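# Understanding the architecture of this molecule
These are the residues of each chain, in order.
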Amino acid sequence: MKAIRRFTVRPVLPEPLRPLSELARNLRWSWHAETRDLFQSVDPGRWAFGGGDPVRLLGSVHPARLAELARDRRFLRRLGAAADDLDDYLGGERWYQAQPAGLPSAVAYFSPEFGVTAALPQYSGGLGILAGDHLKAASDLGVPLIGVGLLYRHGYFRQTLSRDGWQQEHYPVLDPDELPVHLLKEADGTPARLTLALPGGRRLHARIWLAQVGRVPLLMLDSDVEENDLGERGVTDRLYGGGSEHRLLQEMLLGIGGVRAVRTYCRLTGHPEPEVFHTNEGHAGFLGLERIAELGARGVDFDAALEAVRAGTVFTTHTPVPAGIDRFDRELVARHFGPGAELPGIDAGRILHLGTETYPGGEPGLFNMAVMGLRLAQRANGVSLLHGRVSREMFSGLWPGFDPDEVPITSVTNGVHAPTWVAPEVLRLGAREIGAQRAEDALTVGDAERWDRFTSIPDEDIWELRRELREHLVAEVRERLRASWRQRGAGTAELGWIDGVLDPGVLTIGFARRVPSYKRLTLMLRDRDRLTDLLLHPERPVQIVVAGKAHPADDSGKRLVQELVRFADDPRVRHRIVFLPDYGMAMAQKLYPGCDIWLNNPLRPLEACGTSGMKAALNGCLNLSVLDGWWDEWFQPDFGWAVPTADGVGTDLERRDDIEAAALYDLLEQRVTPRFYERGRSGLPDRWIEMVRQTLALLGPKVLAGRMVREYVERLYTPAAHAHRALTPQAARELAAWKARVRAAWHGVSVDHVDHVATTAATGTAELGGTLGLRVLVTLGELRPDDVEVQAVSGRVDPEDRIGDATAVPLKPTGGADLEGRWVYEGPLALDRTGPYGYTVRVLPAHPLLASGAELGLVTVPAGDAAVGTEGVLLR
């Protein structure tokens, strides 16, 4: 018989074991080896069966075993030490507390998914894993972060394969009582609730689950409550599921409900209110509207509230392609805001304008979540240097008149949380070299001097480590492959061949990620004969482990999975190449350390960052990748290999795949496999080992999430907090009025004449080391010099006279306006470069509270050659 209701009966822990409950409820155990070892010792069999989840372990362990442990003095000493260590971690000073005054009192970090641990499956891929690593690194550094997300009752799908290799999706129901979360409750013990208004008088109710990620609380909103109708109960059913309205309601709950959840949490716990709100991708963009509504309820008008909200908001974009951005029909959005719906105090037209694609090629009938995110944030960033450039190009239409390089979107390159992703064997080796505490500091805060100690590790120790990790991977692959084939319908008698799958002595390549077409899962199959030759080479064979999920609605991605699976099923090669279904955190933590090469071959520049290669590198795995994302930024021959790309104009995709696949095969045949298999005088592959050593010592400290979060604090969070403090309601009103006045008067601004003279060259010509004296005549109309900045912009010029690598120098007004209302600006221009050189001048709005001169998207340049002196602006 099947149960009609399911619930969890939790054990009553003996008094001496009560600290186990607190250790299990704080997700620090997911990256703290000593705590995990403690839980494993409670019952190794149940620990393994429960997937290394302390909550499931404590819910299943036999009372007799608990009674036995309560009398075990050695276990109780270990338990006391673990509990004391957690208390010290939660309450002690860390990096953030040692910084100068002025940092944010708190930061709210919103994301649609969080990959903290496999025991809390609320992630689909890189965005969620990055968000989880961000929380964990913030905890290690002591950053007062509050995470905000949704609790999905089905999480993301579980993946299996049919007999013919087709992806199949399964959505297991997640019981919050079996997860490491607990309800946020009011003082009277009732669950804290929040409500959103929906069209037609309906209501969307949600409660708030709390996951404690070290020092960082993660608030997760759940709509599966009895007060909701069936449709509203399903809003938080699946991650990235449902149609447009379903997604819109998820994002309204995340953004608007998330702010309300933060306010509730701070009210109930006394946690400082956030000064900075960080929107991780556009899904949470509605949070800015809720904050505008909060200020409106205090009498602040929309324009002033917008300025105040923008000042304290950071927006991170993760997509390099417009297709990756959520866009909704404007009419759908309009129905959900205004009278009779949510945020009735804000005019729906103002809301719609925030998401309108006002640039050339934009679709006026769509509401763009990333566009709204950028308009509601004073600071924005991409997630690698290359992605920052791509983002500035992609969104440049929002700042007309400015070159893409000046679009106010910076970049903070992603990082990964080393304690989560580094194998215990690697951690032990590091601790042996520099001590356990120093190794922990090196992995969390980051310290290049500590990482330099890897250069002294003997070759034989590194090679033995790599072989041990490979052996672990081989065992894991065989176990998972056997389970997969049984799910596909194979009987035990058919599976004897699995005992010979992979070889711990063979060069092992890993490839695991989501399966959109641009990541090119099947590029390795482009020439199957060459791939087969590589796999079966008699002296230098390779073996490949592949994993990945296609989105349930992406049939083209599923066909790629099936194509790879069918190749891997071929009896000729199936001992050398495998596809493992249901890629997730638990698999990844085994996969990265055991590979010698991490392969990444996206279509450049469509990989925003690609952090899987970072996790591999932290375990001494070398990268073989297209120069995209983070690899474009940090590639050196010491760390791996760069796959040449054919991304020039005019190369069709089929030919491009052929060219890049051939380059990949060439690298493997001619450079990678010989380096792995050649032996030096010691009998070891000393050149390969040196690359592993350099990867650990030099690349390791760069790819840390601790480095990433420190950059966010120093470059984005702290300036945003200062701007937030400066934008009092009165200052916000004044700034909004100033912007309105400048926009209204900007049509009257012009550059009327530009002239220069070589002031230091005796010949009167432009020479290196000399200067030009510039004199510019501008009309400001109704504006004053305090409202603008006049700049000289100079640099080398290309054959079409476009200025590259430009430098902007402000010019100063001399005297007052003439009888026609024109102002004279003058200043020197240093000639610090040789070759074709040019300059222009421009006028920008200027105000102390602007984060960038491009913020308003207003600029005036000379109207044409008639405005330029006889010598022109090009110096050759």
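The notes below deal with the structure included here. (Residues numbered from 1 in each chain as written. Predicted model: local features only at pLDDT ≥ 70, side-chain atom pairs only at ≥ 80, totals over all residues. Heavy atoms only, no water.)

### Side note on the overall build of the chain
Scanning the chain from terminus to terminus reveals 29 helices and 28 strands. Taking 29 Å as the expected radius of gyration for a compact globule of 876 residues, we find that the chain reaches 30 Å, a close match to that expectation. Referenced to the eigenvectors of the C-alpha coordinate spread, the extents of the chain come out at roughly 95 × 75 × 50 Å. Taken across its 876 residues, the chain has 57% of its residues classed as buried. In the chain, once contacts between residues fewer than 6 apart in sequence are set aside, the share between residues at least 24 apart is 74%. Summed over all atoms, the accessible surface of the chain reaches about 35400 Å², with 51% contributed by carbon and sulfur. Of the charged side chains in the chain, 101 are positive and 117 negative; the average position of the first set lies 5 Å away from that of the second. (Helix = DSSP H or I, 4+ residues; strand = E, 2+ residues; numbered from the N terminus. Rg over C-alpha atoms; globule rule 2.2 N^0.38 Å. Buried < 20%, exposed > 50% of the residue type's maximum accessible area, 1.4 Å probe, protein only. Contact = heavy atoms within 4.5 Å. Areas by Shrake-Rupley, 256 points an atom, 1.4 Å probe, with all protein chains shown as cover. Lys, Arg positive; Asp, Glu negative; His and termini not counted. Charge placed at Lys NZ, Arg CZ, Asp CG, Glu CD.)

### Considerations on helix α29 (residues 729-745)
A rise of 1.5 Å per residue sets the reference length of α29, with its 17 residues, at 24 Å; its end C-alpha atoms lie 24 Å apart and thus fit the reference within 8%. What α29 keeps buried is the set Ala731, Ala732, Leu735, Ala736, Trp738, Lys739, Val742 and Ala745. In this structure, the buried residues of α29 make contact with α11 (302-311), α28 (705-726) and β27 (837-845). (Expected span 1.5 Å × (residues − 1).)

### Focus on the sheet that holds strand β20 (residues 640-643)
With respect to topology, 6 strands assemble into an open sheet ordered β17-β16-β15-β18-β19-β20, the strand pairing being parallel. The outermost strands of the open sheet, each flanked by one partner alone, are β17 (577-580) and β20. Direction aside, the axes of adjacent strands within the sheet are offset by 20° on average. Sheet analysis places strand β16 (residues 542-547) next to β17, joined by 4 bridges and oriented parallel. Each bridged residue has a counterpart across the sheet, and for Val546 the counterpart in β17 is Phe579. (Pairing = 2+ DSSP bridges. Axes fitted to C-alpha atoms, helices over the stretch in contact; angles between N-to-C directions.)

### Describing the environment of Thr718
Following the sequence through the fold, Thr718 ends up in helix α28. Once residues lying within four places of it in the same chain are set aside, the contact partners of Thr718 are Gly102, Leu103, Pro104 and Val713.

### Let's talk about the pairing of strand β19 (residues 622-626)
Counting buried positions along β19 gives 5 out of 5 residues, so the element sits mostly inside the fold. Alternating residues of β19 divide into Leu622, Leu624 and Val626 and Asn623 and Ser625, and every residue in both groups is buried. Bridge count for strand β18 (residues 597-600) against β19 is 4 bridges, and the pairing is parallel. Bridging from a neighbouring strand, Leu599 pairs with Leu624 of β19. As a crossover connection, the stretch from β18 through helix α24 (residues 612-617) into β19 is right-handed. For β19 and β20, the ladder comprises 4 bridges, and the chain directions are parallel. Its bridge partner lying in β20, Leu624 is registered against Trp641. Handedness of the crossover is the feature at issue here: the chain leaves β19, passes through helix α25 (residues 629-634), returns alongside β20, and the resulting connection is right-handed. (Right-handed = clockwise from strand over helix to strand, strands pointing away.)

### Quick look at the packing of helix α20 (residues 459-487) against helix α23 (residues 585-594)
For the pair α20 and α23, interaxial distance at closest approach is 8 Å and the crossing angle is 140°. One way to sum up the angle between α20 and α23 is to call them oblique. Judged by the twist between their axes, the crossing of α20 over α23 is left-handed. Within the contact between the two elements, α20 uses Arg466, Leu469, Arg470, Leu473, Glu476 and Arg480 and α23 uses Ala586, Met587, Lys590, Leu591, Pro593 and Gly594. Here the residues of the contact of α20 with α23 are counted per class, giving 6 nonpolar, 1 polar and 5 charged. (Parallel < 35°, antiparallel > 145°, perpendicular 65-115°, else oblique. Left-handed = near helix turned anticlockwise from the far one by under 90°. Nonpolar A, V, L, I, M, F, W, Y, C, P; charged D, E, K, R; others polar.)

### Re a positive patch on the surface
A cluster of basic residues, Arg73, Arg74, Arg77 and Arg78, forms a positive patch at the surface. As for its position among the elements, Arg77 is in helix α6 (residues 73-91). Accessibility expressed as a relative area gives 56% for Arg77, which makes it exposed. (Patch = residues over 30% accessible without salt bridge, like charges linked within 9 Å, V, L, I, M, F, W, Y side chains within 5 Å. Salt bridge = Lys/Arg side-chain N within 4 Å of Asp/Glu carboxyl O.)

### A closer look at the environment of Ala661
In this structure, Ala661 sits in helix α26 (residues 653-677). Residue Ala661 is classed as buried on the basis of its relative accessible area, which comes to 0%. Taking the C-alpha atoms as reference points, Ala661 and Leu735, separated by 74 residues in sequence, lie 55 Å from one another. Aside from chain neighbours lying at most four places away, what touches Ala661 is Leu523 and Arg526.

### Comments concerning the nonpolar core
Taken as a class, soluble globular proteins show a tendency for nonpolar side chains to be buried jointly. Judged by nonpolar contacts, the single largest core of 107 residues is most densely connected at Met524, Ile597, Leu624, Trp641 and Trp688. Residues contacting Trp688, with those up to four places away along its chain left out, are Trp463, Leu507, Asp596, Ile597, Leu622, Trp641, Val672, Arg675 and Phe676. Counting 94 residues, the second-largest nonpolar core is a separate cluster that includes Ile292, Met372, Ala745 and Leu829. (Core = buried A, V, L, I, M, F, W, Y, C linked by side-chain atoms within 4.5 Å.)

### As for the pairing of strand β3 (residues 158-161)
Where β3 meets strand β4 (residues 167-170), 4 bridges bridge the pair, whose relative direction is antiparallel. Residue pairing across strands places Leu161 opposite Gln167, the latter belonging to β4. Joining the antiparallel neighbours β3 and β4 is a turn of 5 residues, in which Gly165 adopts a positive phi near 90°.

### As for a negative patch on the surface
A surface patch of like charges, here negative, comprises Glu22, Asp84, Asp87 and Asp88. With 3 residues, the top contributor of residues to the negative patch is α6. Tracing the backbone through its elements, the reader meets Asp84 in helix α6.

### A look at the pattern of salt bridges
Throughout the structure, instances matching the rule amount to 62 salt bridges. Among the ionic pairs, Glu471 bridges to Arg467, the shortest N-O distance being 3.5 Å. Residue Glu471 and its partner Arg467 are both found in helix α20; the two are separated by 4 residues, about one turn of the helix. Given the relative accessible area of 35%, Arg467 is considered partly exposed. A salt bridge links Arg572 to Asp570; the shortest N-O distance between them is 3.1 Å. Residue class for Asp570 comes out partly exposed when judged on its relative accessible area of 21%. One network of salt bridges, with partners in common, ties together Arg153, Arg207, Asp222, Asp224 and Arg233.

### Some points on the packing of aromatic side chains
Under the counting rule described, the total for this entry stands at 19 aromatic pairs. With centroids separated by 6.1 Å and ring planes inclined at 15°, the aromatic side chains of Phe286 and Phe367 adopt a geometry described as stacked. Residue Phe286 is found in the loop between β9 (276-280) and α10 (287-297), and its partner Phe367 is found in strand β12 (residues 366-368); the two are separated by 81 residues along the sequence. By relative accessible area, which is 0% here, Phe286 ends up buried. Among the aromatic residues, those joined into a ring-pair cluster are Trp463, Trp641, Phe676, Tyr677 and Trp688. Taking NZ or CZ as reference, Arg488 lies 4.4 Å from the ring centre of Trp485, over its face. (Phe/Tyr/Trp six-rings, centres within 6.5 Å; stacked < 30°, edge-to-face > 60°. Lys NZ or Arg CZ within 6 Å of the ring centre and 35° of its normal.)

### Some thoughts on the packing of helix α17 (residues 424-434) against helix α18 (residues 436-444)
Close contact between α17 and α18 brings their axes to 7 Å; oriented N to C, the two are set at 120°. The pairing of α17 with α18 is recorded here as oblique in orientation. In this structure, α17 meets α18 at a crossing whose hand is right-handed. Contacts between α17 and α18 involve Leu427, Gly430, Ala431 and Ile434 from the first element and Ala436, Arg438, Ala439, Ala442 and Leu443 from the second.

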